[in-house]
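If you want the building blocks of each chain, they are given just below.
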Amino acid sequence: MIPEQSASQITVSEDPLCTEPRLTSFDSSLTPVDLFFVRHHFSDVPKLDAARWTLSVEGEVENSLTISYRELLKLPQRTLPVTFECAGNSRVAMSPPVEGVFWGNGAVGNAEWTGVSLRDVLNQAGIKDTVKEIFFEGADSGEEEEQGLKFDLSYSRSLPLDKAMHPDTLLAIRMNGESITPDHGYPIRLIVPGWYGVASVKWLIKIRALDRPYQGFFQTRRYVIINEGADKEHPPKPLTAMPVKSLITQPRRGKVFFPGETVIQGFAWSGEAKIKRVDFSTDG
Ligand code: MTE
């Protein structure tokens, strides 16, 4: 199916909704909210009301907690620019073809996220020494199918304890200075800097401290790296940090040039290291 063209975004999938901006509309390093790609896994966007929203923190903790939106707002907040990309971005260019949402190159964005360090909340709950991972659940749910089997699930993922305790891992309240929009996880979403977008759980409602690795659908069956020769002893590994990548946004593909100077514009990013230099090649 040919994606529908909207004013600012192209609909790559209608149900679940997945949209991406045209690359030529990326003209600043901060992605405006209306140009930020959207990746949902289920049909319905949860209808959450900040006044009634609560986040439970449970599992291997000294004190289970339930935090309200107002209580969260009282904790110290920080603002960080964070780039994240959907792991399926650029699927259009994958060879051999890979099954999944047929993204072009626009499923990446860089926004300023404001929120509370997750570790401040985890410290309030008191993480036990036995904890290995922290599990996160969103309020969205639906059905997934694999090899003829149907799974009823909510969207959930986990992080290793050290990443969860990193001060930059946020319970985000604002995106580019405004309340997060429903499509991007209102009222609160997790933001995991440096990692693929899959880790940044939207519509967050539950956190659980685990003493063993989480084995859920989106952790072990989707968004995993399957190495050659994978077997029971070497199972697929959940995707984590983004590698180095770049994108040319101007000129657009197919543009005709006349002799003279041309501006080449684009972005380069990487999950856990700074970009030192960008080169480009004109001869393929
Ligand atoms: N969180 C929930 N609850 N449900 C989802 O479908 N999609 C994940 C992640 N968090 C998802 C989610 C994926 S795969 C990506 S790439 C990002 O959210 C997309 O975030 P965005 O829609 O704000 O761009």
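Being a predicted model, the structure only gives us computed values, none of them experimental.

What counts and what doesn't
Residues numbered from 1 in each chain as written. Predicted model: local features only at pLDDT ≥ 70, side-chain atom pairs only at ≥ 80, totals over all residues. Heavy atoms only, no water. Near = heavy atom within 4 Å. Polar contact = N/O pair within 3.5 Å; in protein donor to acceptor, adjacent residues only side chain to side chain. Areas by Shrake-Rupley, 256 points an atom, 1.4 Å probe, with all protein chains shown as cover. Helix = DSSP H or I, 4+ residues; strand = E, 2+ residues; numbered from the N terminus. Disulfide = S-S within 2.5 Å. Buried < 20%, exposed > 50% of the residue type's maximum accessible area, 1.4 Å probe, protein only. Core = buried A, V, L, I, M, F, W, Y, C linked by side-chain atoms within 4.5 Å. Contact = heavy atoms within 4.5 Å. Salt bridge = Lys/Arg side-chain N within 4 Å of Asp/Glu carboxyl O. Pairing = 2+ DSSP bridges. Axes fitted to C-alpha atoms, helices over the stretch in contact; angles between N-to-C directions.

1. Observations concerning the site of the ligand
If you check the shell around the ligand, you find 21 residues, and the closest are Phe37, Asp140, His184, Arg189 and Lys202. The separation between an oxygen atom of the ligand and a polar main-chain atom of Phe37 is 2.7 Å. Contacts to the ligand include Lys202, whose side-chain N or O atom sits 2.6 Å from an oxygen atom. For the ligand, whose accessible area on its own is 530 Å², the fraction buried by protein is 100%. Of all the secondary structure elements, the ones that give two or more residues to the shell around the ligand are strand S4 (38-39) and strand S9 (133-146).

2. As for the state of the cysteines
The bond known as a disulfide is covalent and runs between the sulfur atoms of two cysteines. What the rule picks out here adds up to zero disulfides. In this structure Cys18 is not part of a disulfide, and its nearest cysteine sulfur, from Cys86, lies 7.5 Å away. By relative accessible area, which is 6% here, Cys86 ends up buried.

3. Digging into the nonpolar core
Leu72, Phe136, Leu171 and Ile207 are the most contacted members of the largest nonpolar core, which has 46 residues in total. Those residues in contact with Ile207, other than ones at most four positions away along the chain, are Leu55, Ser56, Val57, Glu58, Leu118, Leu122, Ile134, Phe135, Phe136 and Leu171.

4. A few points about the pattern of salt bridges
Scanning all chains against the criterion turns up nine salt bridges. Here Asp211 makes a salt bridge to Arg212, at a shortest N to O gap of 3.0 Å. Arg212 sits in the exposed class, given a relative accessible area of 54%. One salt bridge connects Asp279 with Arg277, and the closest N-O pair in it is separated by 2.8 Å. Using a relative accessible area of 57% as the deciding quantity, one classes Asp279 as exposed. One network of salt bridges, in which partners are shared, links Glu144, Glu146, Arg221 and Arg222.

5. Some details on unusual backbone geometry
Omega for the peptide link from Asp15 to Pro16 comes to 5°, which places this bond in the cis form. Here the bond from Gln250 into Pro251 is cis, since omega is -5°, no more than 30 degrees from zero. One can find Pro251 in the loop between strand S17 (245-250) and strand S18 (265-269). Of note in the backbone geometry, Asn176 takes a positive phi value of approximately 50° without being a glycine. Assignment of secondary structure puts Asn176 in the loop between strand S11 (170-175) and strand S12 (178-179). With a phi angle near 55°, Tyr223 is a residue other than glycine that sits in the positive phi range. Along the polypeptide, Tyr223 turns up in the loop between helix H4 (217-220) and strand S15 (224-225). Overall, Tyr223 belongs to the buried group, its relative accessible area being 15%.

6. Focus on the sheet that holds S9
One open sheet holds the five strands; their spatial order is S6-S5-S14-S9-S10, and the pairing between them is mixed. Here the strands that pair on one side only, and so sit at the sheet edges, are strand S6 (65-68) and strand S10 (149-160). The average undirected angle you get between the axes of adjacent strands in this sheet is 30°. Strand direction decides the pairing type here: strand S5 (residues 54-59) and S6, joined by four bridges, are antiparallel. Bridge pairing links Leu55 to Ile67 in S6.

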